[in-house]
Amino acid sequence: MSPARIVFTLAHLSDIHLSPLPRARRSDLMSKRILGYVNWHRGRKYVHRREVLDLVTRDIIERKPDHIAVTGDLVNLGLPEEFLRAAEWLHHLGPPSDVTAIPGNHDAYVRLHPEAGTGHWKPYMQSNEAGEVIVPTPPSLFPFVRRFDDIAIVALSSAIPTAPFIAAGKVGSLQRKLLGEALARLGGKGLFRVVLVHHPPLPGQSNWARGLRDAGRTTRVIRQHGAELVLHGHNHEQTLNKIETVSGTAYVIGVPSASEAVEGRLPAARYNEYRIARKNDGWRVEMIGRSVAASPEHVWESERRLLRER
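Rules used in this analysis
Throughout this description, residue numbers start from 1 for each chain and increase along the sequence as written. The predicted origin of the model limits local features to residues at a pLDDT of at least 70 and limits the giving and counting of side-chain atom pairs to 80 or more, whereas totals for whole chains, interfaces and linings rest on all residues. The basis for the side-chain values is all heavy atoms of the structure; hydrogens and waters are excluded. A pair of strands counts as paired when DSSP detects no fewer than two bridges linking them. The way it works is that DSSP assigns letters per residue, a run of H or I at least four long becomes a helix, a run of E at least two long becomes a strand, and they are numbered from the N terminus. All axes are obtained by fitting lines to C-alpha atoms, using only the stretch in contact for helices, and the reported angles, taken between N-to-C directions, cover 0 to 180 degrees. Here, residues are in contact when the closest pair of their heavy atoms is within 4.5 Å. We call a residue buried when its accessible area falls under 20% of the maximum for its residue type, exposed when it is over 50%, and partly exposed in between, using a 1.4 Å probe and counting protein chains only. Of all possible arcs, the one meant is that of the directions from the helix axis to the C-beta atoms. Between 30 and 60 degrees the pair is tilted, below 30 it is stacked and above 60 it is edge-to-face, where a pair is any two Phe, Tyr or Trp rings, Trp via its six-membered ring, whose centres lie within 6.5 Å. Each ring is checked for a lysine NZ or an arginine CZ that lies within 6 Å of its centre and within 35 degrees of its normal; such an atom marks a charge sitting over the ring.

Caption draft 1: Looking closely at the sheet that holds strand S6 (residues 192-196). Pairing is mixed across the open sheet formed by six strands, whose spatial order is S4-S5-S6-S7-S9-S8. Bordering the open sheet on either side are strand S4 (144-148) and strand S8 (239-245), each of which pairs with just one other strand. Strand-to-strand twist in this sheet, taken as the mean axis angle between neighbours without regard to direction, amounts to 20°. Pairing of strand S7 (residues 229-232) with strand S9 (residues 248-254), which is carried by four bridges, proceeds in the parallel orientation. In the strand pairing of S9, Leu-229 is matched with Tyr-251. Packed onto the sheet, helix H5 (residues 173-188) meets S4, strand S5 (151-155) and S6 and runs at close to 160° relative to S6. Running at roughly 55° to S8, helix H6 (residues 215-225) makes contact with S6, S7 and S8 of the sheet.

Caption draft 2: Representation of unusual backbone geometry in the model. In this structure, the amide linkage connecting Ser-19 to the following residue, Pro-20, adopts the cis form with an omega of 0°. By the secondary structure assignment, Pro-20 is in the loop between strand S1 (8-13) and helix H1 (33-47). Phe-142 connects to Pro-143 through a cis peptide bond whose omega is 0°. Inspection of the secondary structure assignment puts Pro-143 in the loop between helix H4 (129-134) and S4. Located in the positive-phi region is Asp-73, a residue other than glycine, with phi close to 55°. You can see Asp-73 is positioned in the loop between strand S2 (67-71) and helix H3 (80-93). At Asp-149, a position not held by glycine, the phi torsion is positive, near 55°.

Caption draft 3: A look at the sheet that holds strand S11 (residues 282-293). As summarised here, the arrangement of the six strands in space is S3-S2-S1-S10-S11-S12, forming an open sheet in which the pairing is mixed. If you trace the sheet from one side to the other, it starts and ends with strand S3 (99-102) and strand S12 (298-309), each paired once. Taking each pair of neighbouring strands and ignoring which way they run, the sheet shows an average axis angle of 20°. Of the pairings in the sheet, the one linking strand S10 (residues 270-279) to S11 comprises 10 bridges and is antiparallel in character. Counterpart to Glu-273 in the pairing with S11 is Ile-288. Packed onto the sheet, helix H2 (residues 50-63) meets S1, S2, S10, S11 and S12 and runs at close to 20° relative to S10. Lying over the sheet, H3 contacts S1, S2 and S3, oriented at roughly 155° with respect to S2.

Caption draft 4: Here's a closer look at H6. Among the residues of H6, Ala-215, Thr-218, Thr-219, Val-221 and Ile-222 are the ones counted as buried. All buried residues of H6 project into a common sector of 150° when viewed along the axis, lining one side. Where H6 is buried, its residues touch H5, S7 and S8. One or two positions beyond H6, positive phi appears at Gly-226, with a value near 90°.

Caption draft 5: Representation of the packing of aromatic side chains. This model, assessed by the stated rule, comprises four aromatic pairs. Measuring from centroid to centroid gives 5.6 Å for Phe-142 and Phe-144, while their planes differ by 50°, and the two rings are tilted. For the pair Phe-142 and Phe-144, a shared accessibility class is recorded, and that class is buried. When the ring centre of Trp-208 is taken as reference, the NZ or CZ atom of Arg-213 above it lies at 3.9 Å.

Written out as structure tokens, the structure is:
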């Protein structure tokens with residue numbers, strides 16, 4: 001293992017909604033996609049803009065974090081061409097060793113064979129050697145674990161195909177069981193545990209049509225086994241919650257869409273940067289928000305907050 005870092009910097013962005021949308025054939029739209037296609041051209045294409053995402057991407061690359069976490073919704077309608085374009089964007093963001101990605105509900109918009117969909121992102125959605133030694137990846141592929149010195153990333157998938165007008169997610173009993181085992185093993189080694197999930201994991205954070213169907217049970221696993229940081233997207237807004245666990249306070253933080261236009265209906269594009277350092281028998285964690293501003297469009301430090309110092 002490489003020499004330990006004094007400070008580990010983790011960048012987190014979500015809900016990429018990569019644009020422009022590829023040309024869709026009529027046969028592509030004979031499903032739930034037709035509603036999304038109409039919705040995209042009636043408004044969402046003005047909200048999620050590629051030039052805004054490019055500003056955020058460039059800022060992250062220039063700041064050179066130790067690792068980058070992308071918590072889902074890279075695509076919009078689940079068109080095969082979208083997954084290829086998203087793979088290209090991930091490659092531009094960084095190599096698989098430096099970037100971890102998980103799927104969101106838009107990445108499971110319709111049922112696709114992995115080779116035509118998220119399989120194009122496989123190098124970004126699998127454990128590294130240091131993580132695999134502690135927590136072997138199950139045949140179901142999630143959760144997988146990546147370890148970087150004192151930091152362990154536990155990646156979940158809450159992406160499931162749903163009916164029209166439904167954007168809900170589910171972790172499921174198998175993943176919850178494996179999550180508990182992973183958190184226990186990683187906690188036993190004294191590691192800082194970061195859980196990645198697309199849907200907000202706390203009960204009440206989203207309504208029935210958009211929420212995590214097993215939020216209560218997933219939160220219970222985190223409470224019982226402990227974690228230090230839980231990062232998610234989906235709601236396209238900056239949120240910060242805390243839950244008490246067996247090992248102390250876990251911060252549950254959501255981030256806005258990384259492509260949201262400044263004049264959009266929701267908070268403008270933003271990503272968060274976490275600076276994590278071991279301090280005595282605990283941790284020091286600082287969150288820095290980097291947001292897109294207008295006139296001219298640029299990325300600036302919109303928030304700096306010390307989350308913990310013990």
